[in-house]
Amino acid sequence: MMRSMYSGVSGLRVHQLKMDVIGNNIANVNTIGYKRGQVTFQEVFSQVVKGAGAPQAGRGGTNPQQIGLGLKIGSINTIFAKGASQRTDNPTDLMIDGEGFFMVTDDPKYENIYYTRAGNFVLDKEGYLVTPDGFKVLGINESGEYAPIKINRSETAPPSASTTVEFVGNLDSRMQANEEFLTDTIVKDSLGNSYKINFKFTKTANPNEWDLDVVNVIDLATGNAISPAPTSSTQTLTFDSNGFLNSATKTFEIQFSGTDTYFGPSSSDNKLVVDFSKITQFANENDVKGFDVPDQNGQYGKSAGSLTGFAVDASGVITGSFTNGEKKSLGQLVLAKFDNPMGLQKVGNNFFESTPNSGEPQIGKPSSSGFGSINPGVLEMSNVDLSMEFTEMITTQRGFQANSRVITTTDEMLQELVNMKR
């Protein structure tokens, strides 16, 4: 009878422990990135009352006779099923859609690394991407080395010089000889300074023919024409009877000299290419306008830009947006994954650390080599299923009651034994 009592005690202990895990799961039902625990039981060793016997002398074999001595905890596993998504639209809230963990550290040498699925990050005053507890999120820097992600709010996008001016619009075919139409366009030099180039279209005495000249180039900072004045030749534009340009040459160059800054792809060029191939001559109002357009390498005139915001894409690239329209990569997130994620050990604060049974971390970029993608503006919620937890709570409670009943009944039997002699 003492065996049944101790079996009951072991049942109380393990059911109480399971209830502790269930209680922790329910307590963390709204914890970002929480992964629920799951308890399994297993039988402990049994006392052999009679061993098994082999068939012999016409008799059949006999099975062993054993009395179980209770139960114990088989495992407490962490279930890494993906939790539900919660949209926040906060650019520093990140969710891993698939396999992987964020890497965070509080060590200046990045040797003390923790792993987490909770992506509720913020920026500190220095621009580092950190957890609510101040642990820095690791990524890859420009040198390909692991380093904390830092978004410098004073980051600037450098200016670039204008290379090409393209005219778009119509010249009025109804204008008379020597009548003029003036237009202008804004361009940038290599430092991002703005200049206005004034152009003049003059209708000639020849039918369907115009002359194009550069009047001057005005420095918008001072309001004065630059000196020395740029050089360019008069361009003659001829149109066919349908109003379309049929000039043999459809571009020309404005050459600058004697300036500390420059236009064009490099200081050795210091020129602007003017493309007038899209001009038409119809019986409509004059509306020709020049635009600063990218050259074959994508370069066009831009002032220096300051950072206005940033976004994280599915591959973990952090791209900054600048006031001059430029976009620039500010950092690259990395993820870690393990051969056996259940082997990770919880250390609090939604963190895990590696163990000998988790394996070494495999580190890579999101959306590649089996790593999950990044969902910005979204958080991964707890994967606790309340209906399952309450069901487990009921069965655990009943198991606890049944084991307590075993102890009570065994106690009553022992009382009867004591009362046999009065």
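The structure under discussion appears in the preceding block.
Right, let's walk through the structure included here.

Rules of the game
Residues numbered from 1 in each chain as written. Predicted model: local features only at pLDDT ≥ 70, side-chain atom pairs only at ≥ 80, totals over all residues. Heavy atoms only, no water. Salt bridge = Lys/Arg side-chain N within 4 Å of Asp/Glu carboxyl O. Buried < 20%, exposed > 50% of the residue type's maximum accessible area, 1.4 Å probe, protein only. Helix = DSSP H or I, 4+ residues; strand = E, 2+ residues; numbered from the N terminus. Contact = heavy atoms within 4.5 Å. Core = buried A, V, L, I, M, F, W, Y, C linked by side-chain atoms within 4.5 Å. Lys, Arg positive; Asp, Glu negative; His and termini not counted. Polar contact = N/O pair within 3.5 Å; in protein donor to acceptor, adjacent residues only side chain to side chain.

1. Let's talk about the pattern of salt bridges
1) Next: As enumerated under the stated definition, the model contains 13 salt bridges in all.
2) Next: For the salt bridge of Asp 89 with Arg 87, the shortest nitrogen-to-oxygen distance reads 2.9 Å.
3) Next: Residue class for Asp 89 comes out exposed when judged on its relative accessible area of 54%.
4) Next: Arg 87 sits in the exposed class, given a relative accessible area of 63%.
5) Next: The closest approach of N and O atoms between Lys 200 and Glu 180, which form a salt bridge, is 3.7 Å. With Lys 200 in strand β16 (residues 194-203) and Glu 180 in strand β15 (residues 180-188), this pair connects stretches of sequence that are 20 residues apart.
6) Next: Looking at Lys 200, the relative accessible area reads 24%, which means it is partly exposed.

2. Examining the environment of Gly 68
1) Next: Position of Gly 68 relative to the elements: it lies in strand β3 (residues 65-68).
2) Next: Distance from Gly 68 to Ser 46, taken between C-alpha atoms, is 4.3 Å for residues 22 residues apart in sequence.
3) Next: Leaving out residues up to four positions away in the same chain, Gly 68 has contacts with Ser 7, Glu 43 and Ser 46.

3. Focus on the nonpolar core
1) Next: Phe 167, Phe 199, Phe 201, Leu 237, Ile 254 and Ile 279 are the most contacted members of the largest nonpolar core, which has 27 residues in total.
2) Next: Every element with two or more residues in this core is listed here: β14 (164-172), β15, β16, β17 (209-219), β20 (251-255) and β21 (271-282).
3) Next: Setting aside its immediate chain neighbours within four residues, Ile 279 contacts Phe 167, Gly 169, Leu 171, Phe 201, Leu 237, Phe 239, Leu 245 and Val 288.
4) Next: Formed by 23 residues, the second largest nonpolar core is a distinct cluster that contains Tyr 114, Ala 157, Leu 333 and Leu 335.

4. Here's the deal with the environment of Phe 276
1) Next: Inspection of the secondary structure assignment puts Phe 276 in strand β21.
2) Next: For Phe 276, a relative accessible area of 0% translates into the label buried.
3) Next: Residues Phe 276 and Gly 258, 18 residues apart in the sequence, show an inter-C-alpha distance of 27 Å.
4) Next: In this structure, Phe 276 is in contact with Phe 167, Leu 212, Gln 235, Leu 237, Leu 245, Thr 249, Lys 250, Thr 251 and Phe 252, ignoring residues within four places of it in sequence.

5. Things to note about the side chain of Asp 295
1) Next: Examined against the element boundaries, Asp 295 turns out to sit in the loop between β22 (289-293) and β23 (305-312).
2) Next: Buried and without a salt bridge, Asp 295 has Lys 302 as its closest oppositely charged side chain, separated by 9.4 Å.
3) Next: Looking at Asp 295, its side chain comes within polar contact range of the main-chain nitrogen of Gln 299, at 2.9 Å.

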